[in-house]
Amino acid sequence: MSDSSFNFQTVTADPAWKIGIVKSKWNHEIVNMLASEVVKHLEVSGIKLIEICEVPGSWELIAGAQKLISKCDLIIPLGVVIRGETTHYELISETVTQGLMDLMIKNDKPVIMGLLATENEEQALKRANPDQLNKGKEFAQSALEILALRNN
Ligand code: RBF
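Residues numbered from 1 in each chain as written. Predicted model: local features only at pLDDT ≥ 70, side-chain atom pairs only at ≥ 80, totals over all residues.

Caption draft 1: Examining the pairing of strand S4 (residues 115-118) more closely. Burial along S4 is one-sided: the face carrying Leu-116 and Thr-118 is buried and the face carrying Leu-115 and Ala-117 is not. Across four bridges, the pairing between strand S3 (residues 74-82) and S4 is parallel. Among the inter-strand pairings, Gly-79 is bridged to a residue of S4, identified as Leu-115. In the classification by handedness, the crossover that spans S3, the intervening helix H3 (residues 88-107) and the parallel S4 is right-handed. (Buried ≥ 20, exposed ≤ 12 C-beta atoms within 10 Å, placed from the backbone. Helix = DSSP H or I, 4+ residues; strand = E, 2+ residues; numbered from the N terminus. Pairing = 2+ DSSP bridges. Right-handed = clockwise from strand over helix to strand, strands pointing away.)

Here it is as structure tokens:
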């Protein structure tokens, strides 16, 4: 099942493409579900060069992405921000999204929006679960499609 409102192109990956994955340790069970699906779908599509870096929380996704971006063609940052009792949720989700976009523009390299921002854990699990919305697979497909477009 997927809620995506479009079909991804089938892309033949160039084995020279190098993809950096930045994983947040906060909500690690959900982030790991996303990461395994990302890696699985990249590998099935022929990607061989994957570099993974772990960071403490979603706030540090930008620092992790900055470390990898010069040696990678594309970055997939993976984090899960769940609304709590304070305004931390809004602060993190908005500033990290903005920071990742700035990084993408400054480096002229694609950065996938792999940050889930949800009201509760159940919503995040539904999005990460490969038998439900499987956003990890979608992140991998988006990565391949945008790399194919840029290399066309
Ligand atoms: N990091 C996440 O990846 N997801 C969260 O839901 C999350 N919630 C946080 C809530 C609070 C109150 C704090 C202080 C931190 C939270 N973090 C979360 C960690 C944050 O991204 C970062 O790692 C730390 O603030 C250290 O810079």
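On we go from here.
Caption draft 2: Main features of the packing of helix H1 (residues 28-44) against helix H5 (residues 135-150). At a minimum axis separation of 7 Å, H1 and H5 run at an interaxial angle of 40°. Put simply, H1 runs oblique to H5. Judged by the sense of rotation from one axis to the other, the crossing of H1 with H5 is right-handed. Seen from H1, the contacting residues are Met-33, Leu-34, Ala-35, Ser-36, Glu-37, Val-38, His-41 and Leu-42; seen from H5, they are Lys-135, Gly-136, Lys-137, Phe-139, Ala-140 and Gln-141. (Axes fitted to C-alpha atoms, helices over the stretch in contact; angles between N-to-C directions. Parallel < 35°, antiparallel > 145°, perpendicular 65-115°, else oblique. Left-handed = near helix turned anticlockwise from the far one by under 90°. Contact = placed C-beta atoms within 7 Å.)

Caption draft 3: Spotlight on the site of the ligand. If you check the shell around the ligand, you find 16 residues, and the closest are Trp-26, Gly-57, Ser-58, Trp-59 and His-88. Residue assignment for the shell around the ligand shows that the elements contributing at least two residues are S3 and H3. Class assignment of the residues belonging to the shell around the ligand gives a composition of seven nonpolar, eight polar and one charged. (Near = placed C-beta within 6 Å. Nonpolar A, V, L, I, M, F, W, Y, C, P; charged D, E, K, R; others polar.)

Caption draft 4: How the structure looks around the packing of helix H2 (residues 61-69) against H3. Closest axis-to-axis distance for the H2/H3 pair is 9 Å, and the angle between their directions is 15°. On the basis of the axis angle, H2 is roughly parallel to H3. When the axes of H2 and H3 are compared, the crossing they make is right-handed. Between H2, through Leu-61, Ile-62, Ala-65, Gln-66 and Ile-69, and H3, the contact on the second element is made entirely by Val-96, Gly-99, Leu-100, Leu-103 and Asn-107. Of the residues belonging to the contact of H2 with H3, the class tally is seven nonpolar, three polar and no charged.

Caption draft 5: Structural context of the nonpolar core. Among the nonpolar cores identified, the biggest contains 36 residues, and Ile-19, Ile-76 and Ala-143 are the most heavily contacted of them. Of all the secondary structure elements, the ones that give two or more residues to this core are strand S1 (18-24), H1, H2, S3, H3, helix H4 (121-128) and H5. The leading source of residues in this core is H1, at seven residues. Sequence-distant contacts of Ile-76, defined by excluding residues within four places in its chain, comprise Ile-19, Ile-21, Val-38, Ile-112, Gly-114, Phe-139 and Ala-143. (Core = buried A, V, L, I, M, F, W, Y, C linked by C-beta atoms within 7 Å.)

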